[in-house]
Amino acid sequence: MTPGWVEAEFGVELSGDARLPELVRVGLRRNPRRAHLLVSTVLGKHWPADPRAVHATGSELGRAVRSVLAGEPALVLGFAETATGLGHCVAEALEADYLHSTRRTVATATAAAGFAEEHSHATDHRLLPEDPGLLGHQAVLVLVDDELSTGRTAMNTIAALHAQRPRPRYVLAALVDLRPAADRTALQRFAAGLGTRVDVVALADGALAAPSDFPARASALAGAEPLLDGPPGEVHTYRDLWPDGVRESGRHGFAPTDVAAARLAAKAVAAELAQHCSGADVLVLGTEELMFAPLLVALELAELRPAVRLSSTTRSPVVVHDVAGYPVRDAVRFDSTDKAADGAGARFAYNAGTPADLVLVVDADADHPALWSGLVERLRRRAKRVHVVVLPTHRPLPAPLRGPAFGSYPADEVGWLLTDLSDVALEAPTEEREEAIQSGGAHYAESLPVEYQPDAEYQALYVRALEEAAERIAHAVGVVTELVLAERGPAPVLASLARAGTPVGALMRRWARLAHGVDLPHYAVSIVRGRGIDEVALRWLAEHHDPASVVFVDGWTGKGAIARELATAVAGVNSALGTGFSAELTVLADPGACVRTFGTRDDFLVPSACLNSTVSGLVSRTVLNWDVLAPGQFHGAKFYRDLTAADVSTGFLNAVSGRFGDVADAVAAAWPAAAAADRTPTWAGWRDVERISEQFGIGDVTLVKPGVGETTRVLLRRVPWRVLARADAGGDLAHVRLLAERRGVPVEEVPGLAYACVGLIHPRYTRGASGADGRAVLS
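Rules and cut-offs
- Residues numbered from 1 in each chain as written.
- Predicted model: local features only at pLDDT ≥ 70, side-chain atom pairs only at ≥ 80, totals over all residues.
- Heavy atoms only, no water.
- Helix = DSSP H or I, 4+ residues; strand = E, 2+ residues; numbered from the N terminus.
- Buried < 20%, exposed > 50% of the residue type's maximum accessible area, 1.4 Å probe, protein only.
- Contact = heavy atoms within 4.5 Å.
- Lys, Arg positive; Asp, Glu negative; His and termini not counted.
- Charge placed at Lys NZ, Arg CZ, Asp CG, Glu CD.
- Axes fitted to C-alpha atoms, helices over the stretch in contact; angles between N-to-C directions.
- Parallel < 35°, antiparallel > 145°, perpendicular 65-115°, else oblique.
- Left-handed = near helix turned anticlockwise from the far one by under 90°.
- Nonpolar A, V, L, I, M, F, W, Y, C, P; charged D, E, K, R; others polar.
- Pairing = 2+ DSSP bridges.
- Salt bridge = Lys/Arg side-chain N within 4 Å of Asp/Glu carboxyl O.
- Core = buried A, V, L, I, M, F, W, Y, C linked by side-chain atoms within 4.5 Å.
- Right-handed = clockwise from strand over helix to strand, strands pointing away.
- Expected span 1.5 Å × (residues − 1).
- Arc of directions from axis to C-beta.
- Polar contact = N/O pair within 3.5 Å; in protein donor to acceptor, adjacent residues only side chain to side chain.
- pLDDT = per-residue confidence, 0-100.

A.B. asks: Could you give me a rundown of the overall build of the chain, with the residues and numbers involved?
C.D. replies: Tallying secondary structure elements over the chain gives 20 helices and 33 strands in all. For the chain, the C-alpha atoms occupy an extent of roughly 100 × 60 × 45 Å along the three principal directions. Split into buried and exposed, the 779 residues of the chain put 58% on the buried side. A fraction of 77% describes how many contacts in the chain between residues 6 or more apart in sequence connect residues 24 or more apart. Counting 76 positive and 94 negative side-chain charges, the chain places the centres of these two groups 2 Å from one another.

Below, the structure is given as structure tokens:
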């Protein structure tokens, strides 16, 4: 075995199978835990290699594993970051499901397990399978690493997973096994202690011995790097070559069917790249854990272009030394761009050289300005042409939130398709929010108003209003639910628009259960005016239910802005996802004549409009702010646990559903007549709003909020200017008059209103438009 530079310089001895030098070379790392690094020549990581050799070697290891499995089913686990691609190759050879560990933070994923890699510079690994049952499958667990030096990482992994679900057998697979005899014995004792069996498969066996002063001498080596940077080359970007539905890695699981889809995607990517890679050599560069997709691209490209090699960026701090016989002779340093669980840090691309064409493969989570100003800019100094291929990032869909962990409703009442932002400071004073919204400096959904806390007088008004309106609401709930059951099938899925729609959705669910013995699924989703409905929530619904069965539910209509927003947003989602959601909105009350499925078109006080979170499960209105949300997450909201003492959410539902029996006969007579009637929306309310906007010189219909519910929201959340009231509105406006008095807002009776009342937000608002006490000033 011909010694390399490290062996000759430091007296290190690598001995064992004759195949060892074909698979690894000895390098140096800046790591106090272990001074040496085994640089694989067939992994496509630190050492650029022919992708065909990389794939062939990984497949060979897979066949060796198959021989010891003797037909038993297997689940393959690869270790980040170095062995993610190798694990893919082993799983492909076994036609088995695959998962690799990760150090990346994924906001929508839940960790199934974690473990430590003791000798590594980055020790923490997490397992984030999209299918929580993947690790519970009855299969031999095959753990794949590039090398076995002590076996401790594998033992840590087995210990963590065995504690969750004991298995009778594990297999460790690596390119090389250099464990000392003591570590081999320790592994067998460890397995016996767990009552399991652990087999080891490697392509080459050996040992590494070093003098006692080796770590100190290695750490003192300064290293020498060549100057390879030249004038900046061209940059070409490819963002739409890899299909959205094809997984790019095994971070969340990878099935044999995913391999077939990835191969087809890689073939298309390579065909496009081949037309633009005109140089004598091509380097395909993967990025950290993203190794298999670049390997597949490189395999296909090698069929179309000469001299294609494969390597990958890494977080390993390797000593670079430009001398003959040393395996790492140049480096590109750059700052990380993905969200790692252990934070940002330095990253490296080794032995990149100066290729004519360099293909950098990243996923969308790493595609932001720091990538382009950092790594891409550095690579431009090495290659004549840099081709940046951005693959879509597959993210698991988040899970619904349920009470009591989120919201005060019982778990079976509603699933909140929202992200919990309870610990994020989002509230701002009403006047400050209004000025920012009207100046265009912020969108209303980026922050929250300070939650209004009613005093005893206002709370008593709510109780009285609920007593008076409970039967009327129960009747409307019964009518609208019967219409939905008759027209949308026997088992629709209720998707209430958080949060005003959520109590209505919960009441509709209760009616269906009482009247028909049907348990309707009920979820709360977010829709934001001007931004659309939460596409992630609709993706979740489409994955778990028939989109055609989903019924969107809200409390009431004002001028119909949300009905219009829903129609536009759902059409866009259906086009993007190929789904068949109905854009029709179902409401309890439709005073604006904006929808065709409603319980009533009367504009009356729905007492839940009097309060905020304390009648809606203690949940805030929804938030869409990308400073606090990550891609792939649902829109956000807060759970106000501190308001539990004031919560009347379940009490409201009980008060209304307690009257279902009283209205059952009336509903049975009313809903068939409603079904037979012409319910075509006339949008009369919208025309009224346009007239009011012009009459009062507002010039913006978004500042005109018609109906009792919307007027209440203006008085609770915005800076009100005027309230217009219909003379015959009577007791339905008692709470509006009380709130208006407290905000210093005039209530003007206006004849001919289509609504019981209309709230006007202060036009062209600045904080100078309110007095020192925060009350509105009439201009």
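A.B. asks: Summarise the packing of helix H19 (residues 708-717) against helix H20 (residues 734-743); cite the residues concerned and give the values.
C.D. replies: Contact geometry for H19 and H20: axes closest at 10 Å, N-to-C directions at 20 degrees. It follows that H19 is roughly parallel to H20 by the angle criterion. The way H19 lies across H20 gives a crossing that is left-handed. Contacts between H19 and H20 involve Val-708, Thr-711, Thr-712, Val-714, Leu-715 and Leu-716 from the first element and His-735, Val-736, Leu-739, Ala-740 and Arg-743 from the second. A breakdown of the residues in the contact of H19 with H20 according to their chemical character gives 7 nonpolar, 3 polar and 1 charged.

A.B. asks: Can you break down the sheet that holds strand E22 (residues 493-497) residue by residue, with the values?
C.D. replies: Read from one edge to the other, the open sheet built from 6 strands follows the order E18-E23-E22-E26-E27-E28, with strand pairing classed as parallel. One side of each edge strand has no neighbouring strand; the edge strands of this open sheet are strand E18 (415-416) and strand E28 (597-600). Inspection of the sheet shows E22 paired to strand E23 (residues 522-525) by 4 bridges, in the parallel sense. Counterpart to Leu-494 in the pairing with E23 is His-522. Helix H12 (residues 456-487) rests against strand E26 (550-556), strand E27 (585-589) and E28 of the sheet, and its axis sits at about 155 degrees to E28. Against the sheet, helix H14 (residues 535-544) makes contact with E22, E23 and E26, and its axis sits at roughly 160 degrees relative to E23, the strand it touches most.

A.B. asks: Before we move on, could you go through the pattern of salt bridges and cite the residues and values that matter?
C.D. replies: Under the defined criterion, the tally for this structure stands at 49 salt bridges. The closest approach of N and O atoms between Arg-169 and Asp-199, which form a salt bridge, is 2.8 Å. Of the two residues, Arg-169 is situated in strand E9 (residues 169-177) and Asp-199 in strand E10 (residues 197-209); the sequence distance between them amounts to 30 residues. The same class applies to Arg-169 and to Asp-199, which are both buried. Put simply, Arg-395 and Asp-365 hold a salt bridge, and the shortest N to O gap is 2.6 Å. Residue Arg-395 is found in the loop between strand E17 (385-391) and E18, and its partner Asp-365 is found in the loop between strand E16 (357-363) and helix H10 (369-380); the two are separated by 30 residues along the sequence.

A.B. asks: Quick rundown of the nonpolar core? Include the residues and the values.
C.D. replies: In terms of nonpolar packing, the biggest core is built from 83 residues, with Leu-28 and Trp-242 touching the most fellow members. In terms of residue count, helix H9 (residues 292-302) provides more of this core than any other element does, 9 residues in total. With sequence-adjacent residues up to four places away left out, Leu-28 is seen in contact with Trp-5, Val-6, Phe-10, Ala-35, His-36, Leu-37, Phe-214, Ala-218, Leu-221, Val-318, Val-319 and Tyr-326. Formed by 79 residues, the second largest nonpolar core is a distinct cluster that contains Val-477, Phe-604, Phe-652 and Phe-660.

A.B. asks: Describe the pairing of strand E31 (residues 720-725), naming the residues involved and giving the relevant values.
C.D. replies: Most of E31 is tucked away: 6 of the 6 residues are buried. Of the strand pairs in this sheet, E31 and strand E33 (residues 757-761) are connected by 5 bridges, and their pairing is antiparallel. When the bridges of E33 are listed, Leu-724 appears paired with Val-758. Of the pairings in the sheet, the one linking E31 to strand E32 (residues 747-749) comprises 3 bridges and is parallel in character. What sits directly across from Leu-724, in E32, is Glu-748. Taking the sense of rotation as the criterion, the β-α-β connection linking E31, H20 and E32 turns out right-handed.

A.B. asks: Give a detailed account of helix H15 (residues 561-577), specifying residues and quantitative values.
C.D. replies: Here H15 spans 24 Å end to end across 17 residues, near enough to the 24 Å set by a 1.5 Å rise per residue. Among the residues making up H15, those that are buried are Ala-563, Glu-565, Leu-566, Ala-569, Val-570, Val-573 and Asn-574. All buried residues of H15 lie within an arc of 155 degrees about the axis, which places them on one face of the element. Turned more than 90 degrees off the buried face of H15, the exposed positions are Thr-568, Ser-575 and Ala-576. Turning to H15, the residues buried within the fold contact strand E24 (527-528), strand E25 (532-533), H14, E26 and E27. Following H15 by one or two positions, Gly-578 adopts a phi angle in the positive range, close to 70 degrees.

A.B. asks: Now, about the side chain of Arg-179: what can you tell me, with residues and values included?
C.D. replies: Among the secondary structure elements, Arg-179 is positioned in the loop between E9 and helix H6 (181-194). At 2.9 Å, the side chain of Arg-179 and the side chain of Asp-177 are in polar contact. In contact with Arg-179, other than residues within four places in its own chain, are Leu-148, Ser-149, Thr-150, Gly-151, Arg-184, Leu-187, Val-200 and Gly-206.

A.B. asks: An account of the confidence of the model for the chain is needed here, citing residue identities and associated values.
C.D. replies: Taken as a whole, the chain shows an average pLDDT of 91; of its residues, 95% reach a score of 70 or greater. Predicted confidence is poor over residues 119-123, with pLDDT under 50, and the contacts of this stretch with residues over four places away or in other chains come to 25 contacts. Low pLDDT (under 50) marks residues 767-779, which in the prediction has 26 contacts with non-local residues, meaning those over four places away or in another chain.

A.B. asks: Go over H6, please, and point to the residues and values.
C.D. replies: The end-to-end C-alpha distance of H6, which contains 14 residues, comes to 20 Å, matching closely the 20 Å that a straight helix rising 1.5 Å per residue would cover. Restricting attention to buried positions, one finds in H6 the residues Asp-183, Leu-187, Phe-190 and Ala-191. Looking down the long axis of H6, one finds its buried residues gathered within 95 degrees of arc, a one-sided arrangement. For H6, exposure combined with an orientation more than 90 degrees from the buried face picks out Ala-181, Ala-182, Arg-189, Ala-192 and Gly-193. Against the buried residues of H6 lie helix H5 (152-164), E9 and E10. In the stretch just after H6, Gly-195 is the one whose phi turns positive, near 75 degrees.

A.B. asks: A description of the environment of Gly-730 should follow, citing residues and the corresponding values.
C.D. replies: Assignment of secondary structure puts Gly-730 in the loop between E31 and H20. Along the backbone, Gly-730 and Phe-604 are 126 residues apart, and their C-alpha atoms lie at a distance of 9.9 Å.

A.B. asks: If you had to explain the sheet that holds strand E11 (residues 234-238) to someone new, which residues and values would you point to?
C.D. replies: With respect to topology, 5 strands assemble into an open sheet ordered E11-E17-E16-E12-E13, the strand pairing being parallel. Single-partner strands in this sheet number two, and they are E11 and strand E13 (308-313). Mean inter-strand twist for the sheet, computed between neighbouring axes without regard to direction, equals 20 degrees. Here 7 bridges tie E16 to E17, and the two strands are oriented parallel to one another.

A.B. asks: Requested: an account of the packing of helix H13 (residues 501-516) against helix H16 (residues 649-657), with residues and values cited.
C.D. replies: Put simply, H13 and H16 touch, their axes get as near as 10 Å, and they point 45 degrees apart. In terms of orientation, H13 and H16 fall into the oblique class. The handedness of the crossing between H13 and H16 comes out as right-handed. Contact residues: H13 offers Pro-503, Ala-506, Leu-507 and Arg-510, while H16 offers Thr-650, Phe-652, Leu-653, Asn-654, Val-656 and Ser-657. Taken together, the residues that form the contact of H13 with H16 break down as 6 nonpolar, 3 polar and 1 charged.

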